[in-house]
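Chain by chain, the residues run as shown.
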Amino acid sequence: MTTDTDDRRSTDDHGHDIIDPLYVGIVTVSSSRAQADEPDPDDPGGDTIQECFETEGHEVHERLLVRDDYSSIRTAVRGLVARRDIDIVLTTGGTGVTADDVSPEATASLFERELPGFGELFRSLSWDEVGTRAMASRATAGIAVDTPVFCLPGSTNACRTACEQLIVPEAPHLAGLATRHRQGGTDQSLSAYQNEE
């Protein structure tokens, strides 16, 4: 299995950089599941994300389960975006308005550039499904260490809507654009990130 994006990099019919297939990392945020005694607790949100990507020929390289805790979430995402065999990271859970819903803050603290259009489009699609409750979703996205990161709600319907209608169709292009500067140059941002105290 190659981890070098050069072997998976090409252009689409419009000449846009793409990486295909994508190597995916998934972080499920759930204190109850993370603390469960079961060796393999249910993870419907993570399962849905994996299914959506694998259906389109992409590969899930890592799945993590962490507590609803700022440090745990940030550490998990930070570790994944620093890996060369991960092109995109998605979290599921912890995007609501309760005191322990801190996934947006934990992930956004790593963003070099935000993708505000994702949250706007996702909430617009959610309006059609859940009406005014869509305003309570704080789903967000951005680029961290040249890696697109998407922070999704925990519900399977929300994960499916986000992945099928927004993320999976656009992710190869986003990953291609985010890493375009690496072509023929040194990977300065990743090096600096890994050496950060």
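Report follows, based on the coordinates. Remember, it's a predicted structure, so these values are computed and weren't measured experimentally.

Observations concerning the environment of Leu-174
Secondary-structure assignment places Leu-174 in helix H6 (residues 156-178). Each C-alpha atom, one on Leu-174 and one on Ile-19, is 8.5 Å from the other, the two residues being 155 residues apart in sequence. Not counting the four nearest positions on each side in its chain, Leu-174 is found in contact with Leu-115, Pro-148 and Phe-150.

A short note on the sheet that holds strand E6 (residues 113-114)
Within a beta sheet, neighbouring strands are joined by backbone hydrogen bonds and run either parallel or antiparallel to one another. As summarised here, the arrangement of the six strands in space is E4-E3-E5-E8-E7-E6, forming an open sheet in which the pairing is mixed. For this open sheet the edge positions go to strand E4 (59-66) and E6, each flanked by a neighbour on one side alone. When E6 meets strand E7 (residues 140-144), the two strands line up antiparallel, connected through two bridges. From the neighbouring strand, Glu-114 faces E7, where its bridge partner is Gly-142. Together, E6, E7 and strand E8 (147-152) form the strand contacts of helix H5 (residues 116-130), whose direction differs from that of E8 by roughly 30°.

Points about the pattern of salt bridges
Tallying each qualifying case throughout the model produces eleven salt bridges. A salt bridge links Asp-87 to Arg-8; its shortest N-O distance comes to 2.6 Å. Here Asp-87 is found in the loop between helix H3 (70-81) and strand E5 (88-92), whereas its partner Arg-8 is found in the segment before strand E1 (9-11), with 79 residues between them in sequence. Grouping residues by exposure puts Asp-87 and Arg-8 together as buried.

Criteria and thresholds
Residues numbered from 1 in each chain as written. Predicted model: local features only at pLDDT ≥ 70, side-chain atom pairs only at ≥ 80, totals over all residues. Heavy atoms only, no water. Helix = DSSP H or I, 4+ residues; strand = E, 2+ residues; numbered from the N terminus. Contact = heavy atoms within 4.5 Å. Pairing = 2+ DSSP bridges. Axes fitted to C-alpha atoms, helices over the stretch in contact; angles between N-to-C directions. Salt bridge = Lys/Arg side-chain N within 4 Å of Asp/Glu carboxyl O. Buried < 20%, exposed > 50% of the residue type's maximum accessible area, 1.4 Å probe, protein only.

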